[in-house]
Amino acid sequence: MDALHPRLLVDDFATAFRFYDAVLPELVGARRVRGTAAGPYANWDVGEEGVLVLFDRASLAEVAGTAHLPSEGAPAQDTVMFVCRVDDVDEGLALCLTHGAAQVVPPTDRPAWGPNLRTAHLRDPAGTLIELQSY
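The rules behind these values
- Within any chain, residue numbers begin from 1 and follow the written order of that chain's sequence.
- Per-residue local features of the predicted model are confined to residues with pLDDT of at least 70, and side-chain atom pairs are confined, for both listing and counting, to 80 or more; whole-chain, interface and lining totals are unaffected and use all residues.
- As a rule here, side-chain values cover all heavy atoms of the structure and leave hydrogens and water aside.
- Nonpolar core, defined: a set of buried Ala, Val, Leu, Ile, Met, Phe, Trp, Tyr and Cys residues in which side-chain atoms within 4.5 Å join the residues together.
- Think of it in three bands: residues with accessible area under 20% of the maximum for their type are buried, residues over 50% are exposed, and the middle band is partly exposed, with areas taken using a 1.4 Å probe on protein chains only.
- Comment: elements are numbered from the N terminus, with helices defined as DSSP H or I runs of at least four residues and strands as E runs of at least two.
- By the convention used here, residues are in contact when the closest approach between their heavy atoms is within 4.5 Å.
- Only rings of Phe, Tyr and Trp enter the pairing, Trp through its six-membered ring, and a pair is recorded when the two centres are within 6.5 Å. The plane angle decides the type: under 30 degrees is stacked, over 60 is edge-to-face, the rest tilted.
- Strands were regarded as paired on the criterion that DSSP finds at least two bridges between them.
- Only the stretch in contact is used when a helix axis is fitted, and all axes are lines through C-alpha atoms; the angle between N-to-C directions ranges over 0 to 180 degrees.

Peer 1: Explain the nonpolar core here, please?
Peer 2: For soluble globular proteins, the rule of thumb is that nonpolar side chains tend to be buried together. In this structure, Tyr20, Trp44, Leu52, Leu54, Cys96 and Leu132 are the most contacted members of the largest nonpolar core, which totals 28 residues. Listing elements by their share of this core, those giving two or more residues are strand S1 (7–10), helix H1 (13–28), strand S3 (41–46), strand S4 (49–56), strand S5 (81–85), helix H3 (89–98), strand S7 (118–123) and strand S8 (129–134). No other element matches the 8 residues that H1 contributes to this core. Ignoring sequence-local partners within four residues, the contact set of Cys96 consists of Phe19, Val23, Leu27, Ala101, Leu122 and Leu132.

Here it is in structure tokens:
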């Protein structure tokens, strides 16, 4: 049973789908369980546990009764980050960049955060902040 998993609400479903479908298998060993680039829903699991769900933002706005609200606000700090533990941060970053991610912070050792912790920060094609980490 999946207890917790992130669900990203995306405006350009096909682009987000192609990105995560390309990088999740190699980054974290995830396999796509359901969905296609046509949307509005797709999910990836590692073993029997959900690791990520994509959902078309407009579809959920209709369900939640928020379709009349603006989809974007003034620039602000991030309120969510998708974190992936990987074997090699540098290789993971290269993979993501190949599939359309944008680097925010290059691979960096972070001893103040934990022993042997190394991270890189990037944005997926929709702008969601991602942290790749190894320790």
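Peer 1: What should I look at first to understand the packing of aromatic side chains in this one?
Peer 2: Two numbers describe a pair of aromatic rings. These are the distance of the centres and the angle of the planes. A complete count under the given rule lists 5 aromatic pairs for this structure. Between Phe17 and Trp44, the ring centres sit 5.7 Å apart and the planes meet at 40°, which makes this aromatic pair tilted. Note that Phe17 is positioned in helix H1 and Trp44 in strand S3, a separation of 27 residues in sequence. The same class applies to Phe17 as to Trp44, namely buried. Aromatic side chains Tyr41 and Phe55 sit 6.1 Å apart centroid to centroid with 80° between the ring planes, which places their arrangement in the edge-to-face category. Of this pair, Tyr41 sits in strand S3 while Phe55 sits in strand S4, and the two are 14 residues apart along the sequence.

Peer 1: Looking at this model, I keep getting lost on unusual backbone geometry. Mind explaining?
Peer 2: Glycine aside, residues mostly have negative phi, and peptide bonds are mostly found in the trans state. Cis geometry is found at the peptide bond from Gly39 to Pro40, where omega equals 5°. When you line up the elements, Pro40 lands in the loop between strand S2 (31–34) and S3. In this structure, Asn116 is a non-glycine residue whose phi angle is positive, near 60°. Position of Asn116 among the secondary structure elements: in the loop between strand S6 (102–109) and S7. Note on Asn116: relative accessible area 68%, which makes it exposed.

Peer 1: Honestly, the sheet that holds S7 in this entry has me stumped. Any pointers?
Peer 2: Note: strands within a sheet are paired through backbone hydrogen bonds, in either parallel or antiparallel orientation. The strand order S5-S8-S7-S6 describes an open sheet built from 4 strands, whose pairing is mixed. Sheet topology places S5 and S6 at the edges, where each strand pairs with a single neighbour. Averaged over neighbouring strand pairs, the angle between their axes works out to 15° when direction is ignored. Sheet strands in contact with H1 are S5 and S8, and its direction is about 35° off that of S5.

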